[in-house]
Amino acid sequence: MSRTPEDVNKLTESTYKNVMEQFNPSLRNLVNLGKSYEKAVTAMTFAGKAYFDALSKIGENAAISPVSREMGVVLMEISEVHKKVQLELEESFKRFHRELITELEKKTDMDIKYMNATFKRYQSEHKLKQDFLDKSQADLKKLRRKSQGKHSSKYELKENECMETILSRQTDMQRFIAEGCKEALLEEKRRFCFLVDKHCAFTNQLTAFHDKAKEMLTVKLPSWQDKCTDATRVPDTVISMIEGLRTPVTVSALLHFFFSPQTNSGSIVPPPAPSLKAHTSPLASMFSQDVPKIPISSEQYSDQDSLDGNGLSRSASVSSGMDVVKKTRVQTIFPHTAGNNETLLSFDDGDIITLLIQEERDGWLYGELEHTGQRGWFPSSYCRAYKDSVITNRFNYQYYYSALAFNPFSAITMPVFLIRGGNPFATVKLRPTFTNDRSAPNI
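Nothing here was measured: the structure is a model prediction, and the numbers come from that model.

### Focus: the packing of aromatic side chains
Turning to step 1, where the next piece is worked out: Here the structure, examined in full by the defined rule, presents 13 aromatic pairs.
Turning to step 2, where the next piece is worked out: Between the aromatic rings of Phe96 and Phe202, the centroid separation amounts to 4.5 Å while the plane-to-plane angle is 45°, which identifies the pairing as tilted. With Phe96 in helix α2 (residues 69–146) and Phe202 in helix α3 (residues 152–227), the pair connects residues that are 106 residues apart, well separated along the chain.
Turning to step 3, where the next piece is worked out: Assessed through its relative accessible area of 9%, Phe202 is described here as buried.
Turning to step 4, where the next piece is worked out: By way of ring pairs, the aromatic residues Tyr16, Phe119, Tyr122 and Phe176 are connected into one cluster.

Here you go:
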């Protein structure tokens, strides 16, 4: 179906208007959205870097463990590979910005001016040609009115010349409209082709990125999965270390391991004592200095005259699961100020201090102030022995529970109070005793 020149002209104008009013504004919006896309990807890669840095930290912590060391190495490798993937993604979007967004923005600004000028030129040329054609047609009408009179043959030649001019101008107008329409449609297509071409290049970039990312991940993935398939597998080095602990033991040896005071790791590690010798108070001679200088042994408090059937004293059998430590307490007789030295202890006269280290070092003692809990060194001449001492009984639960975490002695029946956490004295059997007190009944 052929179209009239007027229809073709309308198509040409609508094509130019579509590019100027629809395509270019959409292209500008696409540029803005592309910049937002870049920002979103940048934020994603930044968050991804933070995430995999944190994962790597967890892997470093796991690498310290003798059992989970392999998992820690795997976590660090996963983090490293994913960070490389993130870097590749950043490079892809740098090219996206450079080769697509920047080009679109530049082309859009130039195209708005170009299309406006092209459309105006087409309209002006079309109007000029149309005016010439209208003028020729008006001249022909005048000649025909004149040729209707007496001298019709006189205007016949002019009328033929005018007809040829009109035909020539009509042909020129049709050619101009056809070429203008073709040019307008090609301008529109060039813009869409440019857009498609740029996004095909971007698609190739993403394809290359995904192929490279797939290659980096698939090379490592089987080994990662292989190392985490069996969570119960223990490295051979750890097994050999544990097997060294599987030695035959008796119940008494097990109880001694759990409850002997030597296994307690709660020993006091004080700061270094002051280098200068402690100041001796001039009034110290007024008070008796009976502060013990050596540790008090727990053997001094054992009941030697009451033995059980195995030759153990009663106090030893009672305290088999306890740490019996007698801590000496002293009472201050002069106030003491530590000043700027954080290792010294400040106190007022009359305060009670529990000695944490029994030995005196160059006139200094180390203890804990009872009402504040502060610890530090203080001159031994500033205190005297306090009558009452504190006996602390500490049950070694930490060794019991650490042993339960890996129990090489599963065949040994543990005492009930160890399993249930009840009264540690429930299994102690007291020997029958008699009293000479006549008011008391015989047991």
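Next, the rest of the story.
### Considerations on a positive patch on the surface
Turning to step 1, where the next piece is worked out: A contiguous patch of positive charge on the surface is contributed by Lys141, Lys142, Arg145, Lys146 and Lys158.
Turning to step 2, where the next piece is worked out: It is α2 that contributes the most residues to the positive patch, four residues altogether.
Turning to step 3, where the next piece is worked out: Tracing the chain through its elements places Lys141 in helix α2.

### What about the sheet that holds strand β3 (residues 352–361)?
Turning to step 1, where the next piece is worked out: Spatial ordering of the open sheet is given by β5-β4-β3-β2-β6, a layout of five strands whose pairing is antiparallel. Either end of the sheet is taken by a strand with one partner, and the two such strands are β5 (375–379) and β6 (383–385). Across the sheet, the axes of successive neighbouring strands diverge by a mean angle of 45°, strand direction being ignored.
Turning to step 2, where the next piece is worked out: One ladder, built from five bridges, connects strand β4 (residues 364–369) with β5; its direction is antiparallel. In the sheet register, Leu365 faces β5, and the bridge partner there is Phe378.

### What about the nonpolar core?
Turning to step 1, where the next piece is worked out: Formed by 15 residues in total, the largest nonpolar core has its most connected members in Phe93, Phe96, Leu100 and Leu104.
Turning to step 2, where the next piece is worked out: By residue number, the principal contributor to this core is α2, which donates seven residues.
Turning to step 3, where the next piece is worked out: Contact partners of Phe96, with chain neighbours within four places excluded, come to Gly34, Tyr37, Glu38, Ile101, Phe202 and Gln205.
Turning to step 4, where the next piece is worked out: Core analysis: the second largest hydrophobic core is formed by twelve residues, Phe334, Leu355, Phe378 and Tyr382 among them.

### A few points about the pattern of salt bridges
Turning to step 1, where the next piece is worked out: By the definition in use, this model includes 18 salt bridges.
Turning to step 2, where the next piece is worked out: For Asp139, the salt bridge is made with Lys135, and the minimal N-O distance between the two is 3.5 Å. Separated by four residues within a single helix, Asp139 and Lys135 lie in helix α2, roughly one turn from each other.
Turning to step 3, where the next piece is worked out: Linking Glu187 and Arg190 is a salt bridge whose minimum nitrogen-to-oxygen distance equals 2.8 Å. On the criterion of helical spacing, the pair formed by Glu187 and Arg190 is a turn pair, its members being three residues apart in helix α3.
Turning to step 4, where the next piece is worked out: Classification of Glu187 by relative accessible area gives buried; the value is 4%.
Turning to step 5, where the next piece is worked out: Overlapping salt bridges, with partners in common, bring together Asp111, Glu183, Glu187, Arg190 and Arg191 in one network.

Rules of the game
- Residues numbered from 1 in each chain as written.
- Predicted model: local features only at pLDDT ≥ 70, side-chain atom pairs only at ≥ 80, totals over all residues.
- Heavy atoms only, no water.
- Phe/Tyr/Trp six-rings, centres within 6.5 Å; stacked < 30°, edge-to-face > 60°.
- Helix = DSSP H or I, 4+ residues; strand = E, 2+ residues; numbered from the N terminus.
- Buried < 20%, exposed > 50% of the residue type's maximum accessible area, 1.4 Å probe, protein only.
- Patch = residues over 30% accessible without salt bridge, like charges linked within 9 Å, V, L, I, M, F, W, Y side chains within 5 Å.
- Areas by Shrake-Rupley, 256 points an atom, 1.4 Å probe, with all protein chains shown as cover.
- Salt bridge = Lys/Arg side-chain N within 4 Å of Asp/Glu carboxyl O.
- Lys, Arg positive; Asp, Glu negative; His and termini not counted.
- Charge placed at Lys NZ, Arg CZ, Asp CG, Glu CD.
- Pairing = 2+ DSSP bridges.
- Axes fitted to C-alpha atoms, helices over the stretch in contact; angles between N-to-C directions.
- Core = buried A, V, L, I, M, F, W, Y, C linked by side-chain atoms within 4.5 Å.
- Contact = heavy atoms within 4.5 Å.

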